[in-house]
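Fold and contact review
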Amino acid sequence: TTAATTAATFTASAVDATTATSYTFSGVSIGAAATGRQIVVCVTFREGTDITLGTVTVGGNNATSIVGPVGDGSLSQMVSLTLATGTTADIVVPLSAGTAGSCGIGVFALYDAATTVYNSATGNDPDPMTANINIPANGVCIAFGVDISATTHTWTNLTERSDAIMATFGSC
């Protein structure tokens, strides 16, 4: 038998530029419903004060951290869960500590993917940011970055799916 090729679909991004301890993004596209579909949410906060991410929920279901947290005056983390049903969901992003000045999310749906992370890399403040990621045959890579300036960035060997300005100065 041949292994199925993993498919990754970028489904949505959203930014809430208000100061809060919890953020709710309503009716977010999470891709086509399918058995074994994994939802990956890239979360970033700006202007935080001693912030810690609580348990993110997608359609009321708990997601678990798969990469992160990373941050210096911000917090970025990637979470995921397996969710077979629904094409839209409310995504709730709470802080268990601190207050953030804004929150942004990027959402991907994965199909025919392993449920564990094969390889990951995190970094803080390198310019340019680089990473060597080993991607298995039929695998995918999901990446995101945050910058406190409104500068333009270029991805190499990855296709940019979204770019957003948070509170007029950060991008994810």
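Refer to the structure presented above.
Being a predicted model, the structure only gives us computed values, none of them experimental.

1. Quick notes on the packing of aromatic side chains
Using the criterion set out here, one finds two aromatic pairs in the structure. On the numbers, 5.2 Å between centres and 70 degrees between planes, the contact of Phe10 with Phe108 is edge-to-face. With Phe10 in strand β1 (residues 7–16) and Phe108 in strand β10 (residues 102–111), this residue pair connects regions lying 98 residues apart in the sequence. Among the residues examined, Phe10 registers a relative accessible area of 25% and is labelled partly exposed. For the ring pair Tyr23 and Phe45, a centre distance of 6.1 Å and an interplane angle of 45 degrees mean the geometry is tilted. Here Tyr23, found in strand β2 (residues 22–29), pairs with Phe45, found in strand β3 (residues 38–46); they are 22 residues apart in sequence, far enough to count as distant. The pair formed by Tyr23 and Phe45 is uniform in burial state, with each residue classed as buried.

2. Examining the environment of Asp112
In this fold, Asp112 is placed in the loop between β10 and β11 (165–166). For Asp112, a relative accessible area of 55% puts it in the exposed group. For the pair formed by Asp112 and Arg37, sequence separation is 75 residues and the distance between their alpha carbons is 7.2 Å.

Definitions and cut-offs
- Residues numbered from 1 in each chain as written.
- Predicted model: local features only at pLDDT ≥ 70, side-chain atom pairs only at ≥ 80, totals over all residues.
- Heavy atoms only, no water.
- Phe/Tyr/Trp six-rings, centres within 6.5 Å; stacked < 30°, edge-to-face > 60°.
- Helix = DSSP H or I, 4+ residues; strand = E, 2+ residues; numbered from the N terminus.
- Buried < 20%, exposed > 50% of the residue type's maximum accessible area, 1.4 Å probe, protein only.

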